[in-house]
Amino acid sequence: WHETRIPTIATSVPRAAFTWVTRKLRDEVGLPLVTTNRINMPETAERVLAAGDADMISMARPFLADPDWVAKAKAGRADEINTCIACNQACLDHVFENKKATCLVNPRAARETELTIKPALALKRIAVVGAGPAGLAAATTAAKRGHEVTLFEGDDRIGGQFNVAKRIPGKEEFVETLRYFNRLIELHGVELRLATRADADQLQDFDEIIIATGVVPRIPGIQGQDHPMVLGYLDVLRGRRTVGKRVAVIGAGGIGFDVAEFLLHENVALEPDPDQVDVAQFFDEWGVDTSLKTRGGVAGIEPKPRLPARKIFMTQRSKGKPGAGLGKTTGWIHRTTLKNHGVEMLSGVVYDRIDDHGLHLTIDAKKRHIEVDNVVLCTGQVCENALYQSLRENGRPVHIIGGAKLAAELDAKRAIEEGTRLAARL
């Protein structure tokens, strides 16, 4: 799979997208056949079998995400499955870097004897502030151990940055992670206080306080960044602002790539459904011949990317390859997708100013003006840790995890692991 020009197992691949291959083979052979790739939930597997696409289902990564997958499916508890989101970040990316394969959504994978979740010997009242990935992992793990946990969240729903990540076309699987954590909150009796921005007074009576308040966007300091055409990435991804047809995305890290992907589409669903991704469109965009009349199903088949919703320019200050920090096994997919849809990527940029005429740059000592309707800032994040600093100065028993602790590229893998490990030892 890692030598093909077609994504086959990454999260952008629709669920069960390749079971048609096995179905074709069933007409040719008299042996039971097993199908695989991007089958991560029981209902998807049952649908494949009912359609006659295969005799059996093979899975791998879903069992890293949840070793109790089969038992939960058998007992009719699919809503309790910690679903594999096919991100590859902690499993395959680790393998290709000679690291231990584990799992973003389940940091205990391959660490079962090291990272143990045991009943607490001394039960405590624990407050967790922030219901993003780090806070959710901490709150549900602590509650599972028997602690009395209250989870404060300023938004009207849990999820933090996952609520914007799920809206990126190709990342719909984050919906499942949010469903899983919602179920854990119910199962383990976490007291959830939504639309509540906790302050020091509300945290007076807790034995331990965990701050998981995440990040806020970093402002880059470009002349004209307050111009009305300039938008923050959160406003764009949350649908708060209308975006024009010519857009400059400042920043070519993970957030910049996600925003560019989002802007290539029109009318992205607020609540996406991983089971509703258009499989036929996916094959058209990557040039796959599902009739298998061509060699390998790809020979001579040109990709047919849909017409992009916008003309996008992506810029970065560094001179390196845009998206160099993306996942080892998935970065090529993101770069190819943007390239196929006409995104122009510019490196080694000096930002001169933003004004009524658009974005003014200098590249290799040459001036360039890009006429755009909007400029979207994807220039990193800074920690949201003011509450932590205040509590610490007052001698409160406070801990900090996730983006509030380190505001590097948004890293759910690190956030969930930190939350789990902290709660496991409190």
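Residues numbered from 1 in each chain as written. Predicted model: local features only at pLDDT ≥ 70, side-chain atom pairs only at ≥ 80, totals over all residues. Heavy atoms only, no water.

Visitor: It is not clear to me how unusual backbone geometry should be interpreted in this structure. Could you clarify?
Guide: A positive phi angle, near 60°, is found at Ala86, a position not held by glycine. Among the structural elements, Ala86 can be located in the loop between helix H4 (69–74) and helix H5 (92–95). The class for Ala86 is buried, based on a relative accessible area of 3%. (Helix = DSSP H or I, 4+ residues; strand = E, 2+ residues; numbered from the N terminus. Buried < 20%, exposed > 50% of the residue type's maximum accessible area, 1.4 Å probe, protein only.)

Visitor: What's the story with the nonpolar core in this structure? I'm lost.
Guide: Across soluble globular proteins, nonpolar side chains have a tendency to be buried as a group. Ranked by internal contacts, the top residues of the largest apolar core, which has 39 residues, are Val149, Leu151 and Ile210. Of all the secondary-structure elements, those providing two or more residues to this core are strand E3 (125–129), helix H6 (133–144), strand E4 (148–152), helix H7 (162–165), helix H8 (174–187) and helix H14 (412–425). It is H6 that contributes the most residues to this core, 7 residues altogether. Once residues lying within four places of it in the same chain are set aside, the contact partners of Ile210 are Ile126, Ala127, Val128, Val129, Ala138, His399, Ile401, Leu422 and Leu426. Within the second largest apolar cluster, 26 residues are counted, among which are Val259, Val268, Val376 and Cys378. (Core = buried A, V, L, I, M, F, W, Y, C linked by side-chain atoms within 4.5 Å. Contact = heavy atoms within 4.5 Å.)

Visitor: What is the right way to look at H6 in this model?
Guide: Given 3.6 residues per helical turn, the α-helix brings residues three or four places apart onto the same face. Here H6 is 12 residues long and its end C-alpha atoms lie 16 Å apart, about the 16 Å a rise of 1.5 Å per residue gives. With respect to burial, H6 is a largely interior element, 11 of its 12 residues being buried. Among the residues making up H6, those that are buried are Pro133, Ala134, Gly135, Leu136, Ala137, Ala138, Ala139, Thr140, Thr141, Ala142 and Ala143. After H6 finishes, the residue Gly146 shows a positive phi value of roughly 110°. (Expected span 1.5 Å × (residues − 1).)

Visitor: What am I meant to see in the packing of aromatic side chains here?
Guide: We describe a pair of aromatic rings using the distance from one ring centre to the other and the angle between the two ring planes. Applying the stated criterion to the full structure yields 8 aromatic pairs. Between the aromatic rings of Phe18 and Phe283, the centroid separation amounts to 5.5 Å while the plane-to-plane angle is 70°, which identifies the pairing as edge-to-face. With a gap of 265 residues between them, Phe18 in the segment before helix H1 (19–26) and Phe283 in helix H11 (residues 279–286) connect regions that are remote in the sequence. Each member of the pair, Phe18 as well as Phe283, is classed as buried. Residues Phe282 and Phe283 carry aromatic rings whose centres are separated by 5.6 Å and whose planes lie at 65° to one another, so their mutual orientation is edge-to-face. Side by side, Phe282 and Phe283 carry an identical accessibility label, which is buried. Connected via pairs of aromatic rings, a cluster forms that spans Phe18, Trp20, Phe282 and Phe283. Between the NZ or CZ atom of Arg125 and the centre of the ring of Phe206, over which it lies, the distance is 4.6 Å. Positioned over the ring face of Phe313 is Lys311, at 5.2 Å from the centre of the ring. (Phe/Tyr/Trp six-rings, centres within 6.5 Å; stacked < 30°, edge-to-face > 60°. Lys NZ or Arg CZ within 6 Å of the ring centre and 35° of its normal.)

Visitor: Honestly, the sheet that holds strand E13 (residues 358–363) in this entry has me stumped. Any pointers?
Guide: Pairing between sheet strands relies on hydrogen bonds along the backbone, with the strands arranged either parallel or antiparallel. Read across the open sheet, the 3 strands follow the order E12-E13-E14; overall the sheet is antiparallel. The outermost strands of the open sheet, each flanked by one partner alone, are strand E12 (349–355) and strand E14 (366–370). Pairs of neighbouring strands in the sheet enclose a mean axial angle of 20°, with direction left out of account. Pairing geometry for E13 and E14, over 5 bridges, is antiparallel. Along E14, the bridge assignment pairs Ile363 with Lys366. (Pairing = 2+ DSSP bridges. Axes fitted to C-alpha atoms, helices over the stretch in contact; angles between N-to-C directions.)

Visitor: Would you explain the pairing of E13 in this entry?
Guide: Regular strands place their side chains on alternate faces of the sheet. For E13, a buried count of 6 out of 6 residues is recorded, marking the element as mostly surrounded by other parts of the structure. When E12 meets E13, the two strands line up antiparallel, connected through 6 bridges. When the bridges of E13 are listed, Asp355 appears paired with Gly358. Hairpin connection of E12 to E13: 2 residues between the antiparallel strands. The turn joining E13 and E14, which pair antiparallel and follow one another in sequence, is formed by 2 residues; a positive phi near 55° is taken by Asp364.

Visitor: Looking at this structure, how should I read the sheet that holds E4?
Guide: Spatially, the 5 strands line up as an open sheet ordered E5-E4-E3-E6-E17, and their pairing is parallel. Each edge of the sheet is formed by a strand with only one pairing partner; in this case those strands are strand E5 (191–193) and strand E17 (398–400). Sheet twist, expressed as the average angle between the axes of neighbouring strands with direction ignored, equals 20°. Pairing between E3 and E4: 5 bridges, direction parallel. Its bridge partner being in E4, Ile126 is matched across the sheet by Val149. Against the sheet, H6 contacts E3, E4 and strand E6 (208–211), and its axis sits at roughly 160° relative to E4.

Visitor: In this structure, what is going on with the pattern of salt bridges? I would like to understand it.
Guide: Between side chains of opposite charge, a pair can form when the charged atoms approach closely. As enumerated under the stated definition, the model contains 32 salt bridges in all. The partner of Lys166 in a salt bridge is Glu271, with the nearest N and O atoms 3.0 Å apart. Of the two residues, Lys166 is situated in the loop between H7 and H8 and Glu271 in the loop between helix H10 (254–263) and H11; the sequence distance between them amounts to 105 residues. The class for Lys166 is buried, based on a relative accessible area of 5%. Between Glu344 and Arg368 there is a salt bridge, and its shortest N-O distance comes to 2.9 Å. Residue Glu344 is found in strand E11 (residues 344–346), and its partner Arg368 is found in strand E14; the two are separated by 24 residues along the sequence. Looking at Glu344, the relative accessible area reads 25%, which means it is partly exposed. The class for Arg368 is partly exposed, based on a relative accessible area of 30%. (Salt bridge = Lys/Arg side-chain N within 4 Å of Asp/Glu carboxyl O.)

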